[in-house]
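# Chains, contacts and geometry: an overview
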Amino acid sequence: MSLIKNNKLTVILTIGLLFVVFYYLYAYVSPIKTLPIYNPSNFNPELVDKSLQNKSNNHRVANFSLINQNGQIITQDNYKDKIYVTDFFFTRCGSICPIMTDNMTKIQEEFIDNEDIMFLSLSVTPEIDSVSVLKTYAANKGVIDGKWNVTTGNKKHIYNLARQSYFAVVEQGDGGLQDFIHTPNFILIDKDKQIRGIYDGTNDDDIKRIIEDIYVLEN
């Protein structure tokens, strides 16, 4: 009887030892996922302003000055040492924007208690999307003040950011009266103002991927 007990104990200990060995092999031998740093030369040239297409390093999002749903001026200082997701939308959009906003809300919910994660939405029709319009839109969509800024501002400034900082759109333009951009892209920015990922904000798999990638950046 004691021999049987000893054999059982040996089997249990062996299984336990194998589990520990496999755990450490997985933890220390498995490759750790890292995210690329995107520079203009890494993008499809159609997405990059012609003046930047050959730039291969040190790209960072330019300084900006926007107005959020509460009438507050929003700049890079509001995103200092933050990871954030950017998109471009307009409140009257009836096609991709509602899907994008709902998906941004899902990401916000995932990181609702994490102060290092923020969100920035820029209106591509700022002449229509006034502060009061954005305030109503934000309230209806579950936007959390201080975590997600839904913004308006100078059209040329916003369009330059889309084309020269975030590389969110294919179409070239001057930000003038007839210029219009419409993109499903979510852009992931790290704490050093660098682009670390581009995702389709209407695609469920891409939403899962951006959430995973945010966790990677955190670590």
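Residues numbered from 1 in each chain as written. Predicted model: local features only at pLDDT ≥ 70, side-chain atom pairs only at ≥ 80, totals over all residues. Heavy atoms only, no water.

### Regarding the sheet that holds strand 6 (residues 185-189)
Selection rule: At least two bridges found by DSSP between two strands are what make those strands a pair. We count a stretch as a helix when DSSP gives it H or I for four or more residues in a row; a strand needs E for two or more, and each element gets its number in order from the N terminus. For every element, the axis is a line fit to its C-alpha atoms; helices are fit only across the contacting stretch, and the angle between N-to-C directions ranges from 0 to 180 degrees. What makes two residues a contact is simply this: any of their non-hydrogen atoms within 4.5 Å.
Taken together, five strands build an open sheet; the order of strands is 5-4-3-6-7 and the sheet is mixed. Of all strands in the sheet, those with a lone pairing partner are strand 5 (148-151) and strand 7 (195-200), marking the two edges. On average, adjacent strands in this sheet sit at an angle of 20° to one another, irrespective of strand direction. Where strand 6 meets strand 7, five bridges bridge the pair, whose relative direction is antiparallel. Paired with isoleucine 189 across the two strands is isoleucine 195, which belongs to strand 7. Running at roughly 140° to strand 5, helix 3 (residues 131-141) makes contact with strand 3 (83-89) and strand 5 of the sheet.

### Focus on the packing of aromatic side chains
Two descriptors summarise a pair of aromatic rings, namely the distance from one centre to the other and the angle between the planes of the rings. Definition in use: Side-chain rings of Phe, Tyr and Trp (the six-membered ring for Trp) are treated as a pair once their centres are within 6.5 Å; stacked means planes under 30 degrees apart, edge-to-face means over 60, and tilted covers the remaining angles. Each residue is assigned to one of three classes by its accessible area relative to the maximum for its type, calculated with a 1.4 Å probe on protein chains only: buried under 20%, partly exposed between the two thresholds, exposed over 50%.
Applying the stated rule across the entire model yields six aromatic pairs. Pairing phenylalanine 111 with tyrosine 215 gives two aromatic rings, centres 4.8 Å apart and planes at 45°, and the pair type is tilted. Linking phenylalanine 111 in the loop between helix 2 (96-110) and strand 4 (117-123) with tyrosine 215 in helix 5 (residues 204-218), this pair joins segments that are 104 residues apart in sequence. For phenylalanine 111, a relative accessible area of 2% corresponds to the buried category. Both rings, one in phenylalanine 119 and one in tryptophan 148, keep their centres 6.1 Å apart while their planes meet at 55°; by these two values the pair is tilted. Here tryptophan 148 lies in strand 5 and phenylalanine 119 lies in strand 4, a separation of 29 residues in the sequence. Like tryptophan 148, phenylalanine 119 is buried. Ring-pair connections join several aromatic residues into one group, and the members of that group are Phe64, Tyr79 and Tyr84.

### Some details on helix 2
For clarity, the cut-off: Residue count minus one, scaled by 1.5 Å, sets the expected span of a helix. What the arc describes is the spread of directions from the helix axis to the C-beta atoms.
Over its 15 residues, helix 2 extends 21 Å from the first C-alpha to the last, a length consistent with the 21 Å expected when each residue adds 1.5 Å. For helix 2, the full list of buried residues reads Cys97, Met100, Thr101, Asn103, Met104, Ile107 and Gln108. Down the axis of helix 2, the smallest arc covering the buried residues is 165°, so these residues share one side. Contact partners of the buried residues in helix 2: strand 3, strand 4, helix 3, strand 5, strand 6 and helix 5.

### Some details on the side chain of aspartate 129
Spelled out, the test is: Positive charges come from Lys and Arg alone, negative charges from Asp and Glu alone, with His and the N- and C-terminal ends not counted. Whenever Lys or Arg places a side-chain nitrogen within 4 Å of a carboxyl oxygen from Asp or Glu, that contact is recorded as a salt bridge. Two N or O atoms count as a polar contact when they lie within 3.5 Å, although within protein this holds only if one can serve as hydrogen donor and the other as acceptor, and sequence-adjacent residues are included solely when both atoms are side-chain atoms.
Summarising the element assignment, aspartate 129 is placed in the loop between strand 4 and helix 3. For aspartate 129, which is buried and forms no salt bridge, the nearest opposite charge comes from arginine 92, at a distance of 5.8 Å. A polar side-chain atom of aspartate 129 sits 2.3 Å from a polar atom in the side chain of threonine 91. Not counting chain neighbours up to four residues away, the residues in contact with aspartate 129 comprise Phe90, Thr91, Ser123, Leu134 and Thr152.

### Here we look at the pattern of salt bridges
Across all of its chains, the model carries three salt bridges by this definition. With a shortest N-O distance of 2.9 Å, arginine 196 and aspartate 190 are connected by a salt bridge. Of the two residues, arginine 196 and aspartate 190, both sit in the buried class. With a shortest N-O distance of 3.5 Å, arginine 209 and aspartate 206 are connected by a salt bridge. Linking arginine 209 with aspartate 206, this pair stays in helix 5, spanning three residues, or about one helical turn. Looking at arginine 209, the relative accessible area reads 34%, which means it is partly exposed.

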